[in-house]
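Notes for the structure review
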Amino acid sequence: MPEAFPAPVPLWRRLLPPLLAATLTAVFAATLLSPTRNATTGGPLIGKTAPPFTLRDLDGSTVRLDRLQGRPVVINFWASWCTPCRQEAPLFRELSDQRVAPGGLAMIGILFQETSDSNARDFLSEFALTYPTLRDPGARTAIDYGVSGIPETVFIDRQGVVQYLDRGALTRERLNAGLRSIGVAGL
């Protein structure tokens, strides 16, 4: 009995898997490279009242956002293990040294998935950061603010409205843009 050979596979069945893979790859690449995905500023909170929070700092003191009403506020979400956070820390030290004053600009750091209070304290000491740094158990505040990665910095005006949001390590220019949006002179 002669050996049977399988029937040849039609050309369309051989080309379909690579064509589907190429199409999916192109869609995925276009999505990743979309300017809205890679934007460093903006977001759904712009023009809306900042989500309220009550959090404890590393020493156990309570900080409430609503108690800062009437002051412009800069909130920076960060962690000690974050390399871009280290890059922008000197700008925050300079800002807090020059602009933070009673009744004036308020600065707050909020820890994001920080692994250790000790590491956070070492970071604060290394960069001589003296403004309140708050724990965010369960990242609830980060979720309310739409934080998707760190660092992220939120600029809130005197009326409690988010005017600017910046993702990634701030440059002096981007920091100044955020400050101007809330009526504070830049560095």
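Attention in this report is confined to the structure presented alongside it. (Residues numbered from 1 in each chain as written. Predicted model: local features only at pLDDT ≥ 70, side-chain atom pairs only at ≥ 80, totals over all residues. Heavy atoms only, no water.)

**Digging into the environment of Gln159**
- Turning to its location among the elements, Gln159 is positioned in the loop between strand E6 (152-156) and strand E7 (162-167).
- A relative accessible area of 55% places Gln159 in the exposed class.
- With 110 residues separating them in the primary sequence, Gln159 and Thr49 have C-alpha atoms 8.1 Å apart. (Helix = DSSP H or I, 4+ residues; strand = E, 2+ residues; numbered from the N terminus. Buried < 20%, exposed > 50% of the residue type's maximum accessible area, 1.4 Å probe, protein only.)

**Describing the side chain of Glu152**
- The topology assignment puts Glu152 in strand E6.
- The charged side chain of Glu152 is buried without a salt bridge, its nearest counter-charge being Arg167 at 4.1 Å.
- For Glu152, the side chain forms a polar contact with the main-chain nitrogen of Gly149, separated by 3.4 Å.
- Once residues within four sequence positions are removed from consideration, Glu152 is found in contact with Ile75, Asn76, Phe77, Gly146, Val147, Leu165, Asp166 and Arg167. (Lys, Arg positive; Asp, Glu negative; His and termini not counted. Salt bridge = Lys/Arg side-chain N within 4 Å of Asp/Glu carboxyl O. Polar contact = N/O pair within 3.5 Å; in protein donor to acceptor, adjacent residues only side chain to side chain. Contact = heavy atoms within 4.5 Å.)

**As for the pairing of E6**
- The element E6 is largely enclosed, with a buried count of five among its five residues.
- Across the two faces of E6 the burial is the same, with Glu152, Val154 and Ile156 and Thr153 and Phe155 all buried.
- The sheet contact formed by strand E3 (residues 73-78) and E6 spans five bridges and is antiparallel. Each bridged residue has a counterpart across the sheet, and for Ile75 the counterpart in E6 is Val154.
- Here E6 folds back onto E7 in antiparallel fashion, the turn holding five residues, of which Gly160 has a positive phi close to 85°. (Pairing = 2+ DSSP bridges.)

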